[in-house]
Amino acid sequence: MSKAVLKGSVIGGLIILLSLIAMYLGLVFYYDSGFSYGTWINGVDCTGKSVNEVNEELLKQCKYTGLTILDSDGKSYAVLADEVNLSVTFDEPLHLYLEGQNPYLWIDNLIGNAGGREISPVIRYDSKTYEQLIGSFPFFQGKAPKDRTVRIIKTDGGYALEDERTHVLNEEKTKEMIQNAFENFEPVLDLEAAGCYEDLPLDAEMKKTIMLWEKLADYQDCGIIYQFGEETVPIDAGVVCDFIMLDEAGAFVLDRDGNLCTDEEKVYEFVDHLADEYDTVGATRSFKATRGELVTVKGGTYGNKIDREAEKEYLLNAFLDKRREVHEPLYLQTAVCQGRNDIGDTYIEVDMTNQMMYYYEDGELKIETPVVTGNTSLRRGTPAGTNFVYSKERDRILRGEDYASPVKYWIPVKGAIGIHDASWRSRYGGEIYKTNGSHGCINTPLDKVAELYEMVEIGTPCVMFY
């Protein structure tokens, strides 16, 4: 190689080296006022950018409106950022990071020594307002742990255990978790999921109360259901809690084995109460009359009558045996239907004010006819009440102190009062009954009573009212 070529090569190399040094120093100068090449912070490319520029971009990622807190009841409470004057900035940590950078070492980022950096912002808020807001939340208003008790109370649903020692909010832990969640910009904090509730220790007396409650819970677990037609009456805890024997001070009476005792008289009282509610013989009923109004019908012979003595024996034994069954009570008398609405859809209706009789079968009107009822001027008015057909006879002679009347159809509904034809009458309905009425029976046109006789069955209710 000639000297000229060698010299040219050396000069060219020097020029290139000086150019690279100049370029490197130029970048050193450029990065001296901004972040070095390849600097990434919290996912933001910071290369050559100033602190203010990076701060603005990072703040765009921190759009935080506040924290929603969920308690164990599913109720929510909010700590709003604006409400406590929350402010956020990355300015200070960015300045510290930038000051720690060596602009002469920007080449490290170029050859692969760079990496994502994570920094946390500086947050500020009005601590006094924050504390007042947090302290106002209802879940911080409960009893202090030392005041929390375990006791047995009586409710409409029976005896219940009121245990204030379980599922108690740890207030100190909760406040710490709320603050951490708020300062870390978390949108929701579920106190239940975060483990903020805990059980408090029990003393000896509390443990004794819980043992008694377990006996009560077992005692009140009754599976008997009374069936009254379509109605049911469960013999549940709200009922059997009153079967428990109490002493004069109102404390539970226990037998030698430590079990609760049953007051038999209380069981019998319940059966009487049940019978009073569902016995309908002679009851007062609300009845939708054909004339369109709701009438009140008192008394009568129709209805259900529970065998109280049999039911007292049944319920006591079934309860003590822990039976689980649906039970239909024994009756001394039964209506077409059981339950409070015992008339059903098939019945005779006698409207004595309008002097009309109707027969409904499965809810459909089959017979409609004028009638003549008892003479009210002679105080023989047909008595109101809900009665029933207890017999059917043909060609009967009806006798009284001053009469003997032959009839072709006799349908008695209450004692000597019944529905029958009256061959001696030519007119029915109107106000005949007031001065020329019957001795108390329901006089009916022959063709209509003949129809009724063929259709009606013994036991059919007969609702009679004015």
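What you see is a predicted model, and the numbers here were worked out from it, not measured in a lab.

Moving on: the nonpolar core. Counting 27 residues, the largest nonpolar core has Ile 224, Tyr 226, Ile 235, Phe 243 and Leu 315 as its most contacted members. Beyond its immediate sequence surroundings of up to four residues, Leu 315 is in contact with Ile 224, Tyr 226, Phe 243, Val 267, Phe 270 and Val 271. Formed by 24 residues, the second largest nonpolar core is a distinct cluster that contains Val 79, Val 88, Tyr 125 and Leu 133.

What follows is about the sheet that holds strand β1 (residues 40-41). Sheet architecture is open: 3 strands sit in the order β2-β1-β6, paired in mixed fashion. Since the sheet does not close on itself, it has two edges, and those belong to β2 (44-45) and β6 (116-117), each with one partner. Here β1 pairs with β6 via 2 bridges, running parallel. The residue bridging Trp 40 from the neighbouring strand is Gly 116, located in β6.

It is worth spelling out the environment of Thr 262 at this point. Position of Thr 262 relative to the elements: it lies in the loop between α8 (237-240) and α9 (264-278). With relative accessibility at 17%, the residue Thr 262 sits in the buried group. Placed 58 residues apart in sequence, Thr 262 and Leu 320 show a C-alpha to C-alpha distance of 8.6 Å. Contact partners of Thr 262, with chain neighbours within four places excluded, come to Tyr 219, Phe 243, Met 245, Val 267, Leu 316, Phe 319 and Leu 320. There is a polar contact of 2.8 Å between the side chain of Thr 262 and the side chain of Tyr 219.

With that settled, the discussion passes to helix α5 (residues 127-135). Within the sequence span of α5, burial applies to Tyr 130, Leu 133 and Ile 134. End-on view of α5: buried residues confined to an arc of 95 degrees, all on one side of the axis. Residues of α5 that are exposed and point more than 90 degrees away from the buried face comprise Lys 128 and Gln 132. On its buried side, α5 packs onto β4 (76-80) and α6 (171-183). The N-terminus of α5 is capped by Asp 126, whose side-chain oxygen sits 3.1 Å from the backbone nitrogen of Lys 128.

What follows concerns the pairing of strand β14 (residues 231-234). Pairing of strand β13 (residues 223-228) with β14, which is carried by 4 bridges, proceeds in the antiparallel orientation. Paired with Gln 227 across the two strands is Thr 232, which belongs to β14.

For Lys 312, the position within the fold is in helix α10 (residues 308-320). Ignoring anything within four residues of it in the chain, the contact list for Lys 312 reads Tyr 268, Val 271 and Asp 272.

A few words on the environment of Lys 392. With respect to the helices and strands, the residue Lys 392 is situated in the loop between β23 (385-388) and β24 (393-399). Overall, the relative accessible area of 25% leaves Lys 392 in the partly exposed class. Sequence spacing of Lys 392 and Gly 418 is 26 residues, and the spatial spacing of their C-alpha atoms is 9.7 Å. Sequence-distant contacts of Lys 392, that is, excluding residues within four places in its chain, are made with Trp 410, Pro 412, Tyr 453, Val 456 and Ile 458. At 2.7 Å, the side chain of Lys 392 and the backbone oxygen of Tyr 453 are in polar contact. There is a polar contact of 2.9 Å between the side chain of Lys 392 and the backbone oxygen of Val 456.

Rules behind the numbers
Residues numbered from 1 in each chain as written. Predicted model: local features only at pLDDT ≥ 70, side-chain atom pairs only at ≥ 80, totals over all residues. Heavy atoms only, no water. Core = buried A, V, L, I, M, F, W, Y, C linked by side-chain atoms within 4.5 Å. Buried < 20%, exposed > 50% of the residue type's maximum accessible area, 1.4 Å probe, protein only. Contact = heavy atoms within 4.5 Å. Pairing = 2+ DSSP bridges. Helix = DSSP H or I, 4+ residues; strand = E, 2+ residues; numbered from the N terminus. Polar contact = N/O pair within 3.5 Å; in protein donor to acceptor, adjacent residues only side chain to side chain. Arc of directions from axis to C-beta.

Take it as geometry only, folks, not as evidence of what the structure does.
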